[in-house]
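Remarks on the overall topology
Residues per chain are reported as follows:
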Amino acid sequence: MPTEARLLAWTDAAVAGDADALEELLRTLKDPLFRLALRILGNFADAEDATQEVLLKITTALGSFERRSAIRTWAFRIAANHATDMAPARRARHAESFEYLALRLDAGAALDERLPLLAEAADPALELEAREMEQRCTQGMLLCLDVDGRTAFLLGQVFDFDARTAAQVLDIGEAAFRQKLSRARRHLDDFMGWQVRAGEFPSAVQLPQPVAGGGACLPATPSAIPSHSPPSLRL
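Conventions and cut-offs
Residues numbered from 1 in each chain as written. Predicted model: local features only at pLDDT ≥ 70, side-chain atom pairs only at ≥ 80, totals over all residues. Heavy atoms only, no water. Helix = DSSP H or I, 4+ residues; strand = E, 2+ residues; numbered from the N terminus. Buried < 20%, exposed > 50% of the residue type's maximum accessible area, 1.4 Å probe, protein only. Areas by Shrake-Rupley, 256 points an atom, 1.4 Å probe, with all protein chains shown as cover. Core = buried A, V, L, I, M, F, W, Y, C linked by side-chain atoms within 4.5 Å. Contact = heavy atoms within 4.5 Å. pLDDT = per-residue confidence, 0-100. Salt bridge = Lys/Arg side-chain N within 4 Å of Asp/Glu carboxyl O. Expected span 1.5 Å × (residues − 1). Arc of directions from axis to C-beta. Polar contact = N/O pair within 3.5 Å; in protein donor to acceptor, adjacent residues only side chain to side chain.

So, on to the overall build of the protein. For the protein, the helix and strand inventory stands at 10 helices and 0 strands. The N-to-C order of helical and strand elements in the protein reads α-α-α-α-α-α-α-α-α-α. Going through the 235 residues of the protein one by one, you find that 46% of them count as buried. Accessible surface computed for the protein: about 11,500 Å², of which carbon and sulfur atoms make up 51%.

On to unusual backbone geometry, then. Its identity as a non-glycine residue notwithstanding, Arg67 has a phi of 65°, on the positive side. Topologically, Arg67 is positioned in the loop between helix H3 (44-61) and helix H4 (71-93). Take Arg67: its relative accessible area is 43%, and that puts it in the partly exposed class.

To continue, consider the nonpolar core. Counting 51 residues, the largest nonpolar core has Leu33, Leu36, Ile40, Ile58, Phe76 and Phe153 as its most contacted members. When residues of this core are traced back to their parent elements, those giving at least two are helix H1 (4-15), helix H2 (19-41), H3, H4, helix H7 (124-144), helix H8 (147-158), helix H9 (163-170) and helix H10 (174-197). Broken down by element, this core gets its largest block of residues, 11 residues, from H2. Discounting chain neighbours no more than four positions away, the residues touching Phe76 are Pro32, Leu33, Leu36, Leu155, Phe159, Phe161 and Val169.

Let us now look at the confidence of the model for the protein. On average, residues of the protein score 74 in pLDDT, and 59% of them are at 70 or above. At the low end of the mean pLDDT range in the protein sits helix H5 (residues 98-107), at 48; at the high end sits H9, at 96. Counted against residues more than four places away or in other chains, residues 100-112, with its pLDDT under 50, gives 23 contacts. For the stretch residues 194-235, pLDDT sits under 50, and the model shows 106 contacts to residues farther than four places along the chain or on other chains.

A few words on the side chain of Gln157. Here Gln157 shows up in helix H8. Overall, Gln157 belongs to the buried group, its relative accessible area being 11%.

Below, the discussion takes up the pattern of salt bridges. Oppositely charged side chains can pair when the atoms bearing their charge come close. Following the criterion strictly, the structure yields 4 salt bridges and no others. Between Glu23 and Arg27 there is a salt bridge, with its nearest N and O atoms 2.2 Å apart. Remark: Arg27 and Glu23 occur in helix H2; sequence separation between them is 4 residues, near one turn of the helix. On the accessibility criterion, Glu23 (34% relative accessible area) is partly exposed. Residue Arg27 is classed as partly exposed on the basis of its relative accessible area of 37%.

Turning next to H1. An ideal rise of 1.5 Å per residue puts 16 Å on 12 residues; H1 measures up with 16 Å between its terminal C-alpha atoms. For H1, the complete set of buried residues consists of Leu7, Leu8, Trp10, Thr11 and Ala14. Down the axis, H1 shows its buried residues gathered within 160° of arc, on one side only.

For H3, with 18 residues, the first-to-last C-alpha span of 25 Å sits near the 26 Å given by 1.5 Å per residue. Within H3 the residues assigned to the buried category are Asp46, Ala47, Ala50, Thr51, Gln52, Val54, Leu55 and Ile58. Where H3 begins, the capping side chain belongs to Asn43, and its oxygen is found 3.0 Å from the backbone nitrogen of Ala45.

Further remarks concern the side chain of Thr28. Its place among the elements puts Thr28 in helix H2. Judged by relative accessible area, Thr28 falls into the buried class, the value being 18%. Within the structure, the side chain of Thr28 is placed 2.9 Å from the backbone oxygen of Glu24, a separation counted as a polar contact. Aside from chain neighbours lying at most four places away, what touches Thr28 is Met1, Pro2, Leu7 and Trp10.

Put into structure tokens, the structure is as follows:
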């Protein structure tokens, strides 16, 4: 990610009518914004649509950016608001809950036996299958959180924002952000502990961890969920 000074220089030039600067700014922002939308919505097509709409919103609102926060923080606020607005409609089409996820894991109990073997396999195809299994389980857990908790968890745990920046993105106080993040972590910890005790949860699946640069969700792979490259968006 370029420095804030570089992002601001592109912003100023874009506002002044420099189309190349606008393209550079949007090109820099689109990948992290896509990854955020993908994890909030859990669907590649929805995330692609959301990212395109967010980039258009950023373009339209760029002249009103008041520099009360970093440009990246401002862009993430627009993206988070847009994706969370889309999430209830998507949830109506694809209901998720920890109870439903538990039933799905129970129905696919063979996964518990195969995943450790796949993870240790020397065959690249089998290793890829193991990572994809982990991705599906991890994304399934994230989608079981309410959208506010999911977004707080993603900002604090996956994108590794500090509490002040994440609170600015969500337009809430730092204490409120910490409370949302703590509640989301507790829900995920409780679910994983319950499933492991029940002998139904793959031990190889872990909670998402932050990585350098932010945006990676899984410990086994730095790629987005699913394992596609971010779309080539129209700028």
